[in-house]
Amino acid sequence: MEYFNTNIENFKLRKAEERDISLVYSLIKEMAEYEKLSHEVVGTEEILRKSVFEKRRAEILIPEYNGEVVGYVVFFYNFSTFNCAPGLYIEDIFIKKEFRKNGFGREIFNVLGKIAKEEDCQRMEWTCLDWNEPARKFYASMGAERMEDWTNHRISGEVLEKLKNGNN
């Protein structure tokens, strides 16, 4: 098992293994519930397993404190044409409610920063729900810039199916 140590005693992150899929999937559902987006969880454990461990589309880290799982992190690499270099994109960073405000989030970002350095990434990016004020304040306290001039877009469901079939 591959571990990343942190500056907090007994707090470390480990790379998820295939046997962790049920655990991670349950944490995804817990995060979706917190974000009031449970209705959007349409993936399955099998799709998650295939995407992460077969196709290697993302990486998962599991933070543990005193051996107890406190959340999960999903990230992957994107690419900046302006930098002509990769970036690290954080899809999810979730810490269970009872473990928040212990410095774990900052330590997770420190580990992600080390990974980004090893991979020659020029930036780290993520999105945050507008209403999630505690997260937005935390990100600002780390020096993260809110990208005011950018708007996320998404195509999914029936519209994506039309595109896949060349019928848009």
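Model, not experiment: these values are computed from the prediction.

Visitor: Please explain the UniProt feature "domain: N-acetyltransferase" (unreviewed entry) in the protein chain as it appears in this structure.
Guide: Per the UniProt record, "domain: N-acetyltransferase" (unreviewed entry) is found at residues 11-166. Regarding residues 11-166, the helix share stands at 36% and the strand share at 24%, and the terminal C-alpha atoms are separated by 49 Å.

Visitor: I tried to follow the packing of helix α1 (residues 21-34) against helix α2 (residues 45-54) on my own but got confused; where do I start?
Guide: The axes of two packed helices give the description: the angle between them and the distance between them. Two elements in contact, α1 and α2, have axes separated by 10 Å at closest approach and are oriented at 110°. Relative to α2, the element α1 lies roughly perpendicular. Crossing handedness for the pair α1 and α2: right-handed. Residues I21, S22, V24, Y25 and I28 of α1 form the contact with α2, whose participating residues are E45, L48, R49 and F53. When grouped by side-chain class, the residues that make up the contact of α1 with α2 number six nonpolar, one polar and two charged.

Visitor: Teacher, can you tell me more about the nonpolar core here?
Guide: Side chains that are nonpolar tend, in soluble globular proteins, to be buried together. Core analysis: the largest hydrophobic core is formed by 22 residues, its most contacted members being L61, V73, L88, I108 and L112. Taken together, the elements giving at least two residues each to this core come down to β2 (11-15), β5 (71-80), β6 (85-95), α3 (104-118) and α4 (133-141). Here the element with the most residues in this core is α3; it accounts for seven residues. With residues up to four places along the chain from it excluded, the contact list for L112 reads L61, V73, F75, L88, I90 and M124. In this structure, V24, V52, A58 and V69 belong to the second largest nonpolar core, which totals 17 residues.

Visitor: Could you clarify how one ought to interpret the pattern of salt bridges in this entry?
Guide: All chains considered together, the criterion is met by 14 salt bridges. Put simply, E18 and R49 hold a salt bridge, and the shortest N to O gap is 3.2 Å. Here the residue E18 occupies a position in the loop between β2 and α1, and R49 occupies one in helix α2, the gap between them amounting to 31 residues. The residue E40 makes a salt bridge to R154 at a minimum N-O spacing of 3.8 Å. Remark: R154 occurs in the loop between α4 and α5 (157-164) and E40 occurs in the loop between α1 and α2; sequence separation between them is 114 residues. The exposed category is assigned to R154, whose relative accessible area is 69%.

Thresholds applied
- Residues numbered from 1 in each chain as written.
- Predicted model: local features only at pLDDT ≥ 70, side-chain atom pairs only at ≥ 80, totals over all residues.
- Heavy atoms only, no water.
- UniProt positions renumbered as here; feature names shortened; annotations may be inferred.
- Helix = DSSP H or I, 4+ residues; strand = E, 2+ residues; numbered from the N terminus.
- Axes fitted to C-alpha atoms, helices over the stretch in contact; angles between N-to-C directions.
- Parallel < 35°, antiparallel > 145°, perpendicular 65-115°, else oblique.
- Left-handed = near helix turned anticlockwise from the far one by under 90°.
- Contact = heavy atoms within 4.5 Å.
- Nonpolar A, V, L, I, M, F, W, Y, C, P; charged D, E, K, R; others polar.
- Core = buried A, V, L, I, M, F, W, Y, C linked by side-chain atoms within 4.5 Å.
- Buried < 20%, exposed > 50% of the residue type's maximum accessible area, 1.4 Å probe, protein only.
- Salt bridge = Lys/Arg side-chain N within 4 Å of Asp/Glu carboxyl O.

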